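Descriptive structure summary
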Amino acid sequence: MEMIVFKYYDFTYSEISPNIMQASKRAELFGIPGVTYSFTQGVVKNIIPAIASTNAIISAACALETLKIASGCSKTLSNYLIFNGVEGLHIKATEFVKEDCLVCGSGVLIDLDASVTLKKFIGLLEEHPKLHLSKASITHQGKNLYMQGPPVLEEMTRPNLTQTLFDLMGRIPKDIVHVTGTTSKNDKKSSVLRKLRVVFKGVEGASDIDMAGAA
């Protein structure tokens, strides 16, 4: 089977110049300024400005979604759009959700008593059947509750270990915490980052645990 090789062809000035002459005549006729070699070359070689084209595609997609929402004529997008305009037009509305994704995933649900200390919570993460996280570092809303390292941060956050997680999280009934730790799989250790939905049992407002959209 013969292999087909496509070669890049670059137009020379002599090949572009007739087009420049015709474009200049039309520009003079209709009062169009800015006819240059690079612009003419872009038209001949089908070169399009990427930023302007991307903005136009996104604007058109937003207008289309507005029409669908207002009229109910078609299914609306969920969280993903792919545009393929090489030959014809194709827009696919596909929902991509990964359960352990830190953004779109719902996170692992953890039910806790309000009296659980941060140190005990870290120990529970090692025993959790879905996590098995050791040497865990805990953050909440960008605040370091406890860090395993470096030593300076570990020393700074060490006093939090004896406090309850409920107090450290601002005494709110439920929220998202992010945990960095080490897990083992097939005798191989790896560092992972997990999103956890912490709900405190017996606290008013903790019954509603739908926090899949939280970040």
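Along each chain, residue indices are assigned from 1 in the same order as the chain's sequence is written. Given that this is a predicted model, residues contribute local features only at a pLDDT of at least 70 and side-chain atom pairs are listed and counted only at 80 or more, while totals for whole chains, interfaces and linings are drawn from all residues. The basis for every side-chain value is the complete set of non-hydrogen atoms in the structure, without hydrogens or water.

So, on to the pattern of salt bridges. Salt bridges are identified by distance alone: a Lys or Arg side-chain nitrogen within 4 Å of an Asp or Glu carboxyl oxygen. Under the counting rule described, the total for this entry stands at 4 salt bridges. One salt bridge in this structure joins Glu65 and Lys68, with 2.7 Å as the shortest N-O distance. In this pair, Glu65 and Lys68 both sit in helix α3 (residues 50-71), 3 residues apart, roughly one turn of the helix. The same class applies to Glu65 and to Lys68, which are both buried. Close ionic contact of Arg171 with Asp167 constitutes a salt bridge, the shortest N to O distance being 2.4 Å. With a 1.4 Å probe rolled over the protein chains alone, any residue whose accessible area is under 20% of its type maximum counts as buried; one over 50% counts as exposed, and the rest are partly exposed. Using a relative accessible area of 54% as the deciding quantity, one classes Arg171 as exposed. For the purposes of this entry, the term helix denotes a DSSP run of H or I that reaches at least four residues, the term strand denotes a run of E that reaches at least two, and both are numbered from the N terminus.

Another point: the confidence of the model for the protein chain. Caution applies to low-pLDDT parts of the model: their predicted coordinates are not meant to be read in detail. Per-residue confidence for the protein chain gives a mean pLDDT of 80, with 77% of residues at or over 70. The least confident element of the protein chain is strand β2 (residues 90-93), whose mean pLDDT is 62; the most confident is strand β5 (residues 143-146), at 93. Confidence over residues 208-215 falls short of pLDDT 50; this stretch has 21 contacts with residues more than four positions distant or in other chains. Known as pLDDT, the predictor's confidence for each residue is given on a scale from 0 to 100. Two residues qualify as a contact provided that any one of their heavy atoms is within 4.5 Å of a heavy atom in the partner residue.

So, about the sheet that holds β5. With mixed pairing, the 5 strands of this open sheet are ordered in space as β3-β7-β6-β4-β5. Strands with a single pairing partner mark the edges of an open sheet, and in this sheet they are β3 (108-113) and β5. Each strand of the sheet is rotated relative to its neighbour by a mean of 35°, with strand direction disregarded. When DSSP finds two or more bridges between two strands, those strands count as paired. Sheet analysis places strand β6 (residues 174-185) next to strand β7 (residues 188-201), joined by 12 bridges and oriented antiparallel. Orientation is described by lines fitted to C-alpha atoms, with helices fitted over the stretch in contact, and by angles between N-to-C directions that extend from 0 to 180 degrees.

Attention shifts here to the layout of surface pockets. The pocket and cavity definitions rest on a 1 Å grid over protein atoms only: a 1.4 Å probe that fits but cannot leave marks a cavity, an open set with protein on both sides within 12 Å along at least five of seven lines marks a pocket, and residues lining either have an atom within 4 Å of a point. Grid points are joined across faces, edges and corners, and a volume is the space filled by probe spheres set on the points. The calculated volume of the largest pocket comes to roughly 180 Å³. As for the largest pocket, its lining consists of Pro129, Lys130, Leu131, His132, Leu133, Thr183, Ser184, Lys185, Ser190, Val192 and Arg194. For the lining of the largest pocket, the secondary-structure elements that each account for two or more residues are β6 and β7. Any residue outside Ala, Val, Leu, Ile, Met, Phe, Trp, Tyr, Cys, Pro, Asp, Glu, Lys and Arg is labelled polar, Gly included; the first ten of those are nonpolar and the last four are charged. Across the lining of the largest pocket, the residue classes tally to 4 nonpolar, 4 polar and 3 charged.

Glancing now at the side chain of Thr183. As for its position among the elements, Thr183 is in strand β6. Thr183 gets classed as buried once you look at its relative accessible area, which sits at 15%.

Turning to the environment of Arg197, a few remarks are in order. Relative to the elements of secondary structure, Arg197 occurs in strand β7. The class of Arg197 is buried, set by a relative accessible area of 13%. Each C-alpha atom of the pair Arg197 and Leu109 lies 4.7 Å from the other, and the pair is 88 residues apart in sequence.

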